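Structure at a glance
Each chain, written out:
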Amino acid sequence: MGWRFRVSRASKFLARKGLRKFIVDQLMFVPQGAHMLNVGAGGDVQALVEECARASGFSVVNTDIDPARKPDVVDDITQSSFPDAYFDTVVVVEVLEHV
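Described in the following lines is the structure provided in the data block. (Residues numbered from 1 in each chain as written. Predicted model: local features only at pLDDT ≥ 70, side-chain atom pairs only at ≥ 80, totals over all residues. Heavy atoms only, no water.)

1. Let's talk about the pairing of strand β1 (residues 35-39)
With respect to burial, β1 is a largely interior element, four of its five residues being buried. Sheet topology places β1 next to strand β2 (residues 59-64); five bridges connect them, and they run parallel. Note on β2: the bridge partner recorded for His-35 is Ser-59. Remark: the β1/helix α3 (residues 43-56)/β2 crossover connection has right-handed handedness. (Buried < 20%, exposed > 50% of the residue type's maximum accessible area, 1.4 Å probe, protein only. Helix = DSSP H or I, 4+ residues; strand = E, 2+ residues; numbered from the N terminus. Pairing = 2+ DSSP bridges. Right-handed = clockwise from strand over helix to strand, strands pointing away.)

Right, dumping it as C-alpha cells:
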C-alpha cells in the first residue's frame, strides 16, 4: 500500500467522522410504514439505511445511475422514472459531489 492510498483512506475517514451518528439520528424520525428512496446505492450508507429501516419498520428502495453498484432500481435521479410523491422521504448522502 502506497502513501497516496493511505492518505486517501485517512481523508475519507475524517470526512465521514460523525456521519453514521448523524444518519441514524435523522432516520429515527422516519415513521413506521414510510416508503423511502435512497439515492446513490451501495456501500456503507446503504447498509446503514437498510439497518435503520429494518429496526424502525420503513421500506427502502435503493437507486443509482450505475448498475455496478447493484441498486434495487437503476435510475437517473435528475430524470427519475418514479412518479411525483411516490416516496415519503428521500435520502441523498455522498451523492451531490458527483453531480
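Additional details are given in the paragraphs that follow.
2. Remarks on the pattern of salt bridges
A complete count under the given rule lists three salt bridges for this structure. A salt bridge links Lys-21 to Asp-25; the shortest N-O distance between them is 2.7 Å. With Lys-21 and Asp-25 both in helix α2 (residues 19-27) and four residues apart, this pair spans about one turn of that helix. Judged by its relative accessible area of 28%, Asp-25 falls in the partly exposed class. The residue Asp-64 makes a salt bridge to Arg-69 at a minimum N-O spacing of 3.7 Å. (Salt bridge = Lys/Arg side-chain N within 4 Å of Asp/Glu carboxyl O.)

3. Section: the environment of Val-45
Turning to its location among the elements, Val-45 is positioned in helix α3. Residue classification places Val-45 among the buried positions, given a relative accessible area of 7%. Contact partners of Val-45, with chain neighbours within four places excluded, come to Ile-23, Val-93 and Glu-94. (Contact = heavy atoms within 4.5 Å.)

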